[in-house]
Amino acid sequence: MSGSAIIFFCVFCILVLTGIIFYQQFVFRTGIQAKLREIHRKLNDITGTDSGERVMVFTENKELMELAAQINRLLEEHSKVKADYRRSQLASKRMLSNISHDMKTPMTVVLGYLEIMRLNGVMQDGMLAKTERKAKGVMELINQFFTLAKIEAGDMDMELSRVDICEVCKESILDFYEILSRTDFQVDIRLPENPVYVQGNKEALQRILFNLVSNAVRYGADGKYLGVFLRTDKNGAYVDVTDRGRGIEQAFAENIFDRLFTMEDSRSRSVQGNGLGLTIAKNLTTQLGGEIILDSTPHVKTTFTVKLKRMEY
């Protein structure tokens, strides 16, 4: 074999070996990328569904096996933390529910004694009336906490039935007749003449509308206007509770249903506010299969709309 042929053969062998090495590296990198994509996809599935599964990777690559093991350890710790949090949250809600229940009994007794004293003419010159108002305010706060605690703890069983929402609206307005008359509110009520039946629970609907009207009277006092409208379509019934007061800035719109959120400079103190009313109204509406929608233009009009499922006659 000539010298040039030997050189050509050597160069050819080097090129072949180089090609084999590059191919093996390409296959190796491609295999790792495929496994990494598989791990990524599985992690998305696990975190998206909270299934409690683990990442399974079939490979001989020690680094990938160790990565999968580390990920599984983190997933296990994450699951434990979430489980502990849920237990702690449920325990806190049940504790609040129990405390609220225990506080209601002595307050009921106090109110009973105050009523007896009022009937017997004890403690005149307004002192008894002030004491009674404060006690009723505390009692209402306890009732609000109690209701919210029961809802969040899952202890509030509501039997759904066919309810005339038109009648509930009328009763809710009557609850505020005295305060509305005393404060010279313009009241605009537009209700159908015929009954409008919705899927609901009468007690829950009364609480929802009481809280919404209370909120309108309290925070819409500057506008001196309250509107309660009931409209319907084929599938739904819509109760609009409207005021023309200070309204709700866009920055607060997302937080308005958070518990203990209040507009601190509200003008009217005639109706007690504690930052729980809207939270309870939203939670109760959700349990009834409905929703509450807020539409507010500050100092022009603020409307809370309760959307409920309509039922046949």
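Numbering of residues starts from 1 in every chain and runs along the sequence as written. Predicted model: local features are reported for residues with pLDDT of at least 70 only, side-chain atom pairs are reported and counted for 80 or more only, and whole-chain, interface and lining totals are derived from all residues. Remark: hydrogens and water are excluded; side-chain values derive from all non-hydrogen atoms of the structure.

Engineer: Got a minute to help me understand the overall build of the protein chain in this structure?
Structural biologist: The number of helices and strands found in the protein chain is eight helices and seven strands. Taking all 313 residues of the protein chain together, the buried fraction comes to 35%. Contact definition: two residues touch when any of their heavy atoms are within 4.5 Å. Restricting the contact set of the protein chain to residue pairs at least 6 apart, pairs at least 24 apart contribute 72%. Only DSSP runs of H or I covering at least 4 residues are called helices, and only runs of E covering at least 2 are called strands; the numbering of each starts at the N terminus. Burial classification: accessible surface area is computed with a 1.4 Å probe over protein chains only, and a residue below 20% of its type maximum counts as buried, one above 50% as exposed, and the rest as partly exposed.

Engineer: Whenever I open this one, helix α8 (residues 277-287) confuses me. Can you help?
Structural biologist: Given 3.6 residues per helical turn, the α-helix brings residues three or four places apart onto the same face. The set of residues buried in α8 consists of Gly277, Leu278, Thr279, Ile280, Ala281, Leu284 and Thr285. After α8 finishes, the residue Gly289 shows a positive phi value of roughly 85 degrees.

Engineer: I would appreciate a short explanation of the pairing of strand β3 (residues 197-200) in the present structure.
Structural biologist: Side-chain direction in a regular strand flips from residue to residue, so the side chains alternate between the two faces of the sheet. Burial along β3 is one-sided: Val198 and Gly200 are buried, while Tyr197 and Gln199, pointing the other way, are not. One ladder, built from four bridges, connects strand β1 (residues 161-164) with β3; its direction is antiparallel. Across the sheet, the residue bridging to Asp164 is Tyr197, located in β3. Paired strands, in this sense, are two strands between which DSSP finds at least two bridges.

Engineer: For this particular structure, what's the right way to read a nonpolar patch on the surface?
Structural biologist: A residue counts toward a patch only above 30% relative accessible area and without a salt bridge, and it is joined to like-charged neighbours within 9 Å or, for Val, Leu, Ile, Met, Phe, Trp and Tyr, to nonpolar neighbours within 5 Å. Every accessible area reported is derived by Shrake-Rupley at a probe size of 1.4 Å, with residue values counting cover from the shown protein chains alone. Definition used for salt bridges: Asp or Glu carboxyl oxygen within 4 Å of a side-chain nitrogen of Lys or Arg. A grouping of Val109, Tyr113 and Ile116 is seen on the molecular surface, where their side chains present a nonpolar patch of about 310 Å² in accessible area. Tracing the sequence through the fold places Ile116 in helix α2 (residues 62-119). Looking at Ile116, the relative accessible area reads 45%, which means it is partly exposed.

Engineer: How should I be thinking about the environment of Thr108 in this particular structure?
Structural biologist: Locating Thr108 in the fold gives a position in helix α2. When its relative accessible area of 45% is taken as the criterion, Thr108 is described as partly exposed. Placed 28 residues apart in sequence, Thr108 and Lys136 show a C-alpha to C-alpha distance of 9.2 Å.

Engineer: Mind showing me how you'd approach the packing of helix α4 (residues 165-175) against helix α6 (residues 202-219) here?
Structural biologist: Packed helix pairs are characterised by how far apart their axes lie and by the angle those axes make with each other. Following both chains from N to C, one finds α4 and α6 inclined at 45 degrees, their axes separated by 9 Å at the closest point. Taken together, the axis directions place α4 and α6 in an arrangement best described as oblique. For the crossing formed where α4 meets α6, the hand is right-handed. Together, Ile165, Val168, Cys169, Glu171, Ser172 and Asp175 of α4 and Lys202, Leu205, Gln206, Leu209 and Phe210 of α6 make up the contact between the two elements. Any residue that is not Ala, Val, Leu, Ile, Met, Phe, Trp, Tyr, Cys, Pro, Asp, Glu, Lys or Arg is counted as polar, Gly included; the first ten are nonpolar and the last four charged. For the contact of α4 with α6, a count of residues per class yields six nonpolar, two polar and three charged. Between the N-to-C directions of two axes lies an angle of 0 to 180 degrees, each axis being a line fitted to C-alpha atoms and, for a helix, fitted only over the stretch in contact. Reported orientations rely on four angle classes, namely roughly parallel under 35 degrees, roughly antiparallel over 145, roughly perpendicular from 65 to 115, and oblique for the rest. By the definition used in this description, the sense in which the near helix is turned from the far one sets the handedness, with an anticlockwise turn below a right angle giving left-handed and a clockwise turn giving right-handed.

Engineer: Could you clarify how one ought to interpret the pattern of salt bridges in this entry?
Structural biologist: For the structure on display, the rule yields five salt bridges. A salt bridge links Glu171 to Lys202; the shortest N-O distance between them is 3.6 Å. With a gap of 31 residues between them, Glu171 in helix α4 and Lys202 in helix α6 connect regions that are remote in the sequence. Given a relative accessible area of 25%, Glu171 falls into the partly exposed group. On the basis of relative accessible area, Lys202 is assigned to the partly exposed category, the value being 41%.

Engineer: Help me understand the sheet that holds strand β5 (residues 236-243) in this model?
Structural biologist: The strands that make up a sheet are held in pairs by hydrogen bonds between backbone atoms, and each pair lies either parallel or antiparallel. Spatial strand order, β2-β4-β5-β7-β6: five strands in an open sheet with mixed pairing. Edge positions in the sheet fall to β2 (186-190) and β6 (291-297), since each has one partner strand and no second. Across the sheet, the mean angle from the axis of one strand to that of its neighbour is 15 degrees, orientation sign disregarded. Pairing of strand β4 (residues 225-232) with β5 involves seven bridges; the strand directions are antiparallel. Within the sheet, the bridge partner assigned to Gly227 lies in β5 and is Thr242. Relative to β4, α4 is tilted by about 175 degrees, and along the sheet it contacts β2, β4, β5 and β7 (301-309). In the packing of α8 onto the sheet, the strands contacted are β6 and β7, and the crossing angle to β6 comes to about 135 degrees.

Engineer: What exactly am I supposed to notice about the pairing of β6 here?
Structural biologist: Pairing between β6 and β7: seven bridges, direction antiparallel. By the bridge assignment for β7, Ser296 is matched with Thr302. Where β6 hands over to β7, the hairpin turn is made up of three residues, of which His299 adopts a positive phi near 65 degrees.

Engineer: Would you take a moment to explain the packing of aromatic side chains for this structure?
Structural biologist: Where two aromatic rings form a pair, the distance of their centres and the angle of their planes describe that pair. Two rings from Phe, Tyr or Trp (for Trp, the six-membered ring) form a pair when their centres sit within 6.5 Å of each other. Planes less than 30 degrees apart are called stacked, planes more than 60 degrees apart edge-to-face, and all others tilted. Scanning the entire structure with this criterion turns up two aromatic pairs. Each ring, one from Phe176 and one from Phe210, has its centre 5.1 Å from the other, and the planes form 35 degrees; the classification is tilted. Of this pair, Phe176 sits in the loop between α4 and α5 (177-182) while Phe210 is found in helix α6, placing the two residues 34 residues apart along the sequence. Ring centres of Phe257 and Phe304 lie 6.0 Å apart, and the angle between their planes is 80 degrees; on these two criteria the pair is classed as edge-to-face.

Engineer: Could you clarify how one ought to interpret the side chain of Ser172 in this entry?
Structural biologist: For Ser172, the location among the structural elements is in helix α4. The residues touching Ser172, leaving out its near neighbours within four places in the chain, are Gln206, Leu209 and Phe210.

Everything listed here is a matter of coordinates, which is why it stays silent on function.
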